[in-house]
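Residues per chain, in single letters:
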Amino acid sequence: MSRHRIVRGMDYNDEYDGYDDVYGHSVDDDCVSPTDQQWLYDRARGQQSMSAFISKNKDIQEEAEDGDDDEDEAYQKARRDSESFQMPELDEMDQAKLSSCIDEVRSVVGDAVSERRIVETSMRFDYNIQKVLDEILNEETNKKEEKRPLKPKLNATTTATTTKPITAALTTPKPTPTKITLSSQKDPRRGFDIASPKAPSSPVASGRNTPVDGNVGGDEAIRSATSIFKVSKDQAQRNAQHLYNQERSSHKSHIHMIVIGHVDAGKSTLMGHLLYDTGNVSQRVMHKHEQESKKLGKQSFMYAWVLDETGEERARGITMDVGQSRIETKSKIVTLLDAPGHKDFIPNMISGATQADVALLVVDATRGEFESGFELGGQTREHAILVRSLGVNQLGVVINKLDTVGWSKERFQEIVHKLKSFLKQAGFKESDVSFTPCSGLTGENLTKAAQEPGLKAWYEGPHLLDVIEHFKVPERAIDRPLRMSVSDIYKGTGSGFCISGRIETGVLCLNDKVLVGASREQAQVKGLTMDELTQTSVFAGDQISVTLAGVDINNITVGCIICDPQMPIPVTTRFQCRIIVFNVKVPITMGYPVLLHHQSLIEPAVVCKLTASIHKSTGEVVKKKPRCLGNNSCALVEVETSRPICIERYADFKELGRIMLRVAGVTIAAGMVTKIR
């Protein structure tokens, strides 16, 4: 072949004739491996298999689609009924009954029944839920029976029966169908108490080892819990009063005192100086605070830094969380709770006030400062109302910074006169309120009698420490079932985790079994600590830390209640309470959204019913079902929460029967629980 070939007109068949070993061509085209054979398509093979199948199966019936079409049509009709159906015009009472009836029927039958059918059946049976459910469930059963293929028996009776109208068959059925009641349903109630006296409540598993019905309350809950939860013999037969006398008879009585007042009234400085003067803060620590506050140009804050320990609190110059410390007087151990005065931190103040037995109200005597704190919107007024609503009866009023007005007697008497009338209206007895002039920064009249000539000239009353000494110790409900409110949760040094809070009633000992919160999960007490000292038993009124085992930390939240397994706390989402309405911008109406404060718990809620307006002092019903509640009114209302909460009636447990309602950072009402739904 020539080196230069004309390839443009070349005939490749002639060129490669008889030359089999060409790249891309198999040596033998008929040779295919068995592995490749299975992936190659063979038209003839497919035709043979199809023809063989058809020849063997000649009587192939087409799929029947009539049944599906009928079911689809019925579903579409039911859907149209529900979507296009308009509710009938009813009065408020019937409308409420109808809504309740629809909700409870839906909770049992789901969306299988149209809205029209439920409404018509409900009105026919006068909103009797039991009858409505029986009727609807029986109709559903009849429909299923009709759909089953039955062998027809042709006789005169059946033909006569089939010609009758359907309505007559529904109203007066000759064959009595088997009645289906709620007891045959697997789980008839989901969030509602169905009005069926014979419907048994099936226990719902709420935790890993706690099968308790979440809807059961009151005596029924106590009976079910007693049968389910096992406690040790020692815990079941414990004599709490005898144990208390044995362990605490020789100790000083213990009270919790909260310090409240308007922002910048000098609460932290007053308490810091009191702690320093009583020897609870060393001179070295005080010197350190003085040097550090000088560097920041805030030397007057050096005593406040004793309780304001975080960097943010010191930088901003305000208290943000409740600070704790303790002092000892001649006959008492006093735990000081320094509450924040700023309105942004009122929830923290409420959490601290729930732990308090007595209170100190600090007011600023400086011209203009007292007025700004006491007038509408000031925290002096709101704090006093809050602590009274939370059950604090004894109040010591400290008129601070009196040195800024030259220890003026006139200014002192002016403030006393204004506060006396207000505190009387708030519900404090005159005998339980005292007024003490002092200066937190200079330390005048704190732990010693007045030394300042300007004050000594006209004041001969007790100093502040003496006022604290004379506070009465409230009675402790030691022999009641255990109730402890959780105010903090943290990881302990050892195994498990710790919760801190106050024991409201009862006694708690090491290795006791307890129930946790609304889930009622069972846990065991592995450690008890009070004031950083290990304890074997603690009593009502103690502020303690508890190490728990056998419960997940995610199942405990701030505000939940630890209770006795033999006498568990009721769990509910709806309760009735008697409230006093404070200053509200918008009147309270049905459906009014609020924030519910109960102990340390903060839970979104709705005022779902206004039952009656009542007289403040006599408690007589003034008006049933008011349309709205205005300022300074007293009423019975029903409150509904989004999640189940632990709560007690005020008549049973005063400590856990008080609530607070707040909206947009303002306390609008306070009251007590009268009935649990």
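From a predicted model like this one, the values you see are computed outputs, not experimental measurements. Positions within a chain are numbered from 1, following the residues in the order the chain's sequence is written. Given that this is a predicted model, residues contribute local features only at a pLDDT of at least 70 and side-chain atom pairs are listed and counted only at 80 or more, while totals for whole chains, interfaces and linings are drawn from all residues. In computing side-chain values, all of the structure's heavy atoms are included and hydrogens and water are not.

**With respect to the packing of aromatic side chains**
Thought 1: Each aromatic pair joins two rings of Phe, Tyr and Trp (for Trp, the six-membered one) with centres within 6.5 Å, and gets the label stacked for planes under 30 degrees apart, edge-to-face for over 60, and tilted for any other angle. A complete count under the given rule lists five aromatic pairs for this structure.
Thought 2: An angle of 80 degrees between the planes, with centres 5.1 Å apart, marks the rings of Tyr 244 and Phe 539 as edge-to-face. With Tyr 244 in helix H12 (residues 240-248) and Phe 539 in strand E13 (residues 537-539), the pair connects residues that are 295 residues apart, well separated along the chain.
Thought 3: The classification of residues rests on relative accessible area computed with a 1.4 Å probe and restricted to protein chains. Under 20% of the type maximum is buried, over 50% is exposed, and intermediate values are partly exposed. Judged by its relative accessible area of 0%, Phe 539 is buried.
Thought 4: Taken together, a centroid distance of 5.2 Å and an interplanar angle of 45 degrees make the contact between Phe 412 and Trp 458 tilted. Placement of the pair is Phe 412 in helix H19 (residues 409-426) and Trp 458 in the loop between helix H20 (453-456) and helix H21 (464-469), with a sequence separation of 46 residues.
Thought 5: A residue is classified by how much of its surface remains accessible, and Phe 412, at 10% relative accessible area, is buried.
Thought 6: Connected via pairs of aromatic rings, a cluster forms that spans Phe 370, Phe 374 and Phe 422.
Thought 7: A cation over a ring is seen here: Arg 480 above Phe 653, with NZ or CZ 4.3 Å from the ring centre. Counting from the N terminus, the helices are the DSSP runs of H or I reaching at least four residues and the strands are the DSSP runs of E reaching at least two. Only when the NZ atom of a Lys or the CZ atom of an Arg is both within 6 Å of the ring centre and within 35 degrees of the ring normal do we say a charge sits over the ring.

**Thoughts on H12**
Thought 1: Those residues of H12 lying buried are Ala 240, Leu 243 and Arg 248. Take H12 and look down its axis: the buried residues cluster within an arc of 95 degrees, on one side only. Our arc is simply the arc of the directions from the helix axis toward the C-beta atoms.

**With respect to unusual backbone geometry**
Thought 1: Positive phi, normally seen in glycine, also occurs at Asp 126, with a value near 55 degrees.
Thought 2: In this structure, Asp 126 sits in the loop between helix H6 (115-124) and helix H7 (129-147).
Thought 3: Judged by its relative accessible area of 60%, Asp 126 is exposed.
Thought 4: We note that Gln 599 has phi near 55 degrees; this positive angle belongs to a residue other than glycine.
Thought 5: Along the chain, the position of Gln 599 falls in the loop between strand E17 (592-598) and strand E18 (601-614).
Thought 6: Residue classification places Gln 599 among the buried positions, given a relative accessible area of 7%.

**Topic: the environment of Val 109**
Thought 1: With respect to the helices and strands, the residue Val 109 is situated in helix H5 (residues 92-109).
Thought 2: Spatially, the C-alpha atoms of Val 109 and Leu 133 are 8.5 Å apart, while their sequence positions differ by 24 residues.
Thought 3: What Val 109 contacts, discounting residues up to four positions off in sequence, is Leu 133, Ile 136 and Leu 137. Whether two residues are in contact is decided by their heavy atoms: any pair within 4.5 Å suffices.

**Things to note about the pairing of strand E7 (residues 483-491)**
Thought 1: Across eight bridges, E7 lies against strand E8 (residues 497-505) in antiparallel orientation. The partner of Ser 485 across the bridge, within E8, is Arg 502.
Thought 2: Looking at chain direction, E7 and strand E15 (residues 561-563) are connected through three bridges and run antiparallel. Across the sheet, Arg 483 pairs through a bridge with Cys 563, a residue of E15. Whether two strands pair comes down to DSSP finding at least two bridges between them.

**Overview of a positive patch on the surface**
Thought 1: Together, Lys 97, Lys 609, Lys 624, Lys 625 and Lys 675 make up a positively charged patch on the protein surface.
Thought 2: Given the relative accessible area of 68%, Lys 624 is considered exposed. For patches, a residue must show more than 30% relative accessible area and have no salt bridge; joins then use 9 Å for like charges and 5 Å for nonpolar side chains, namely Val, Leu, Ile, Met, Phe, Trp and Tyr. Where accessible areas are quoted, they stem from the Shrake-Rupley method and a 1.4 Å probe; at the residue level, only the protein chains shown are allowed to cover. Put simply, a salt bridge is a Lys or Arg side-chain nitrogen that is within 4 Å of an Asp or Glu carboxyl oxygen. Counting rule applied: Lys, Arg positive; Asp, Glu negative; His and chain ends not counted. By convention, the charge on Lys lies at NZ, on Arg at CZ, on Asp at CG and on Glu at CD.

**So, the nonpolar core**
Thought 1: Ranked by size, the top nonpolar core spans 41 residues in total, and within it Ile 258, Val 397, Ile 399, Leu 419, Leu 423 and Phe 435 carry the most contacts.
Thought 2: If you list the elements that add at least two residues to this core, you get strand E1 (253-261), helix H16 (346-353), strand E4 (358-364), helix H17 (369-374), helix H18 (379-389), strand E5 (394-400), H19 and strand E6 (433-437).
Thought 3: Ranked by residue count, the leading element in this core is H19, at six residues.
Thought 4: In this structure Ile 258 touches Leu 337, Ala 339, Met 349, Gly 352, Ala 353, Ala 356, Val 358, Ala 359, Leu 360 and Val 387, once residues within four positions along its chain are discounted.
Thought 5: Throughout this description, the term nonpolar core refers to a set of buried Ala, Val, Leu, Ile, Met, Phe, Trp, Tyr and Cys residues connected via side-chain atoms within 4.5 Å. Met 271, Met 286, Met 302 and Ile 468 belong to the second-largest nonpolar core, a separate cluster that totals 28 residues.

**Re the sheet that holds E6**
Thought 1: Read across the open sheet, the six strands follow the order E2-E3-E1-E4-E5-E6; overall the sheet is mixed. Strands with a single pairing partner mark the edges of an open sheet, and in this sheet they are strand E2 (323-328) and E6. This sheet shows a mean twist of 25 degrees between the axes of neighbouring strands, independent of strand direction.
Thought 2: Of the strand pairs in this sheet, E2 and strand E3 (residues 332-338) are connected by six bridges, and their pairing is antiparallel. The residue bridging Arg 326 from the neighbouring strand is Thr 335, located in E3. Axes here mean lines fitted to C-alpha atoms, for a helix over just the part in contact, with angles spanning 0 to 180 degrees between N-to-C directions.

**A few points about helix H13 (residues 267-277)**
Thought 1: For H13, the tally of buried residues reaches nine of 11 residues, placing the bulk of the element in the interior.
Thought 2: Every buried residue of H13 is listed here: Lys 267, Ser 268, Thr 269, Leu 270, Met 271, Gly 272, His 273, Leu 274 and Leu 275.
Thought 3: In the core, the buried residues of H13 are packed alongside E1, E2, E3, E4, E5 and H21.
Thought 4: Backbone geometry just downstream of H13 places Gly 279 in the positive-phi region, at approximately 85 degrees.

**Here's the deal with the pattern of salt bridges**
Thought 1: Per the stated rule, a full pass over the model turns up 16 salt bridges.
Thought 2: Lys 401 is paired through a salt bridge with Asp 364; the nearest N and O atoms lie 3.5 Å apart. With Lys 401 in the loop between E5 and H19 and Asp 364 in strand E4, this pair connects stretches of sequence that are 37 residues apart.
Thought 3: Lys 401 gets classed as partly exposed once you look at its relative accessible area, which sits at 25%.
Thought 4: Judged by relative accessible area, Asp 364 falls into the buried class, the value being 6%.
Thought 5: Put simply, Glu 414 and Arg 367 hold a salt bridge, and the shortest N to O gap is 3.5 Å. With a gap of 47 residues between them, Glu 414 in helix H19 and Arg 367 in the loop between E4 and H17 connect regions that are remote in the sequence.
Thought 6: Each of the salt bridges in this network shares a partner with another, and the network as a whole consists of Arg 367, Glu 371, Arg 411, Glu 414 and Lys 418.

**Concerning the packing of H18 against H19**
Thought 1: The N-to-C vectors of H18 and H19 enclose an angle of 35 degrees; their axes lie 10 Å apart at closest approach. By crossing handedness, the relation of H18 to H19 is classed as right-handed. In contact with Thr 380, Arg 381, Ala 384, Ile 385 and Arg 388 of H18, H19 contributes Leu 419, Phe 422, Leu 423 and Ala 426. If you view the pair so one helix is near and one far, a crossing is left-handed when the near helix is turned anticlockwise from the far one by less than a right angle, and right-handed when it is turned clockwise.

**Concerning the side chain of Thr 354**
Thought 1: Structurally, Thr 354 is set in the loop between H16 and E4.
Thought 2: Apart from residues no more than four positions distant in its own chain, Thr 354 is found in contact with Leu 390, Arg 502, Glu 504, Gln 599 and Ser 600.

**Considerations on the packing of H5 against H6**
Thought 1: Two elements in contact, H5 and H6, have axes separated by 10 Å at closest approach and are oriented at 125 degrees. Classified by the angle between their axes, H5 and H6 sit oblique to one another. When you trace H5 past H6, the crossing you get is right-handed. Two secondary-structure elements touch here, H5 through Leu 98, Cys 101, Ile 102, Val 105 and Arg 106 and H6 through Glu 115, Ile 118, Val 119 and Ser 122.
Thought 2: In this classification, the charged set is Asp, Glu, Lys and Arg, the nonpolar set is Ala, Val, Leu, Ile, Met, Phe, Trp, Tyr, Cys and Pro, and all remaining amino acids, among them Gly, are polar. Across the contact of H5 with H6, the residue classes tally to six nonpolar, one polar and two charged. Oblique is the label for every angle not falling under 35 degrees (roughly parallel), over 145 degrees (roughly antiparallel), or within 65 to 115 degrees (roughly perpendicular).

**Quick look at the confidence of the model for the chain**
Thought 1: pLDDT expresses, on a scale from 0 to 100, how confident the predictor is about each individual residue. Per-residue pLDDT for the chain has a mean of 76; in total, 73% of the residues score no lower than 70.
Thought 2: A low-confidence stretch, residues 63-68 (pLDDT under 50), is modelled with zero contacts involving residues beyond four sequence positions or located in other chains.
Thought 3: Low pLDDT, under 50, characterises residues 150-227; the predicted model gives this stretch 91 contacts beyond four residues in sequence or across chains.

**Overview of the pairing of E1**
Thought 1: In terms of burial, E1 is largely enclosed, as eight of its nine residues are buried.
Thought 2: Bridge count for E1 against E3 is seven bridges, and the pairing is parallel. From the neighbouring strand, His 254 faces E3, where its bridge partner is Ile 333.
Thought 3: As paired strands, E1 and E4 are joined by five bridges and run parallel to one another. Each bridged residue has a counterpart across the sheet, and for Gly 261 the counterpart in E4 is Val 362.

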